[in-house]
Amino acid sequence: DGTVERNVTLGHGGPEGTPGGVWVGRLRSTETSANGLPSIATPAGTATGGLTHLVYTRDSSGAVRLYVDGIVQASGDVAGDLSTWEPAFGLLLGNETSGDRPWLGALHLVAVYGRALSSSEIGTNLRVGPAGD
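Model, not experiment: these values are computed from the prediction.

1. Topic: the pairing of strand β1 (residues 8–12)
Then comes step 1: Of the two faces of β1, the one holding T9 and G11 is buried and the one holding V8, L10 and H12 is not buried anywhere.
Then comes step 2: As paired elements, β1 and strand β2 (residues 23–27) share five bridges and run antiparallel to each other. When the bridges of β2 are listed, L10 appears paired with G25.

2. Topic: the sheet that holds strand β4 (residues 54–58)
Then comes step 1: Reading across the sheet, the three strands line up as β4-β5-β6 and stay open at both edges, with antiparallel pairing between neighbours. The strands lining the two open edges of the sheet, one partner per strand, are β4 and β6 (71–77). Across this sheet, the average inter-strand angle for adjacent strands is 15°, counted without regard to direction.
Then comes step 2: Pairing analysis gives six bridges linking strand β5 (residues 63–68) to β6, with the strands arranged antiparallel. When the sheet's bridge partners are listed, R65 is paired in β6 with S75.

3. As for the pattern of salt bridges
Then comes step 1: Scanning the model with the defined rule gives five salt bridges in all.
Then comes step 2: In this structure, the salt-bridge partner of D59 is R65, at a minimum N-O distance of 3.7 Å.
Then comes step 3: With relative accessibility at 23%, the residue D59 sits in the partly exposed group.
Then comes step 4: For R115, the salt bridge identified is with E121, shortest N-O distance 2.7 Å.
Then comes step 5: Each of R6, E96 and R101 takes part in a single network of salt bridges with overlapping partners.

4. Concerning unusual backbone geometry
Then comes step 1: Cis geometry is found at the peptide bond from L37 to P38, where omega equals 10°.
Then comes step 2: Along the chain, P38 turns up in the loop between β2 and β3 (40–41).
Then comes step 3: Backbone geometry at D69 places phi at a positive 50°, although glycine is not the residue there.

Cut-offs and rules
- Each residue is numbered by its place in its chain's sequence as written, counting from 1.
- At least 70 in pLDDT is required for a residue's local features to be given in this predicted model, at least 80 for side-chain atom pairs to be given and counted, and no such filter applies to totals for whole chains, interfaces and linings, which use all residues.
- Each side-chain value is worked out from all heavy atoms of the structure, with water and hydrogens disregarded.
- The buried label goes to any residue with under 20% of its type's maximum accessible area, the exposed label to any with over 50%, and the partly exposed label to all in between, with areas taken from a 1.4 Å probe on protein chains only.
- A run of DSSP states H or I qualifies as a helix once it reaches four residues; a run of E qualifies as a strand once it reaches two. Both are numbered from the N-terminal end.
- Only when DSSP finds a minimum of two bridges between them are two strands counted as paired.
- Only the stretch in contact is used when a helix axis is fitted, and all axes are lines through C-alpha atoms; the angle between N-to-C directions ranges over 0 to 180 degrees.
- The working definition used for a salt bridge is a side-chain nitrogen of Lys or Arg within 4 Å of a carboxyl oxygen of Asp or Glu.

Pasting the structure below:
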């Protein structure tokens, strides 16, 4: 619902003051803000212009992980439950509802699961090489 309210985000960039070239995961819960803050972010330079496999998970204990090409690059905890999620929010790919943050890349596969995937399950969709070879 704009740039400051969301249920979940997997994005590029980060909060003001965060260096560029990072992937960011945010999840709204009863213990985070309506914007899913605090977020987790990968180290600077992790987000490049190349083909990248990204996965954001949260398990039943609240542990969140952000995988880049099958490797955990950021982790943390998101306590609480998801009862504060806004059911009217749509699934947006490639931009905010404001339309002022366009994604300039290409999406090859998007999937949403009802549970956290294991590392081996994440590897199932991991593709290496310039064309997924």
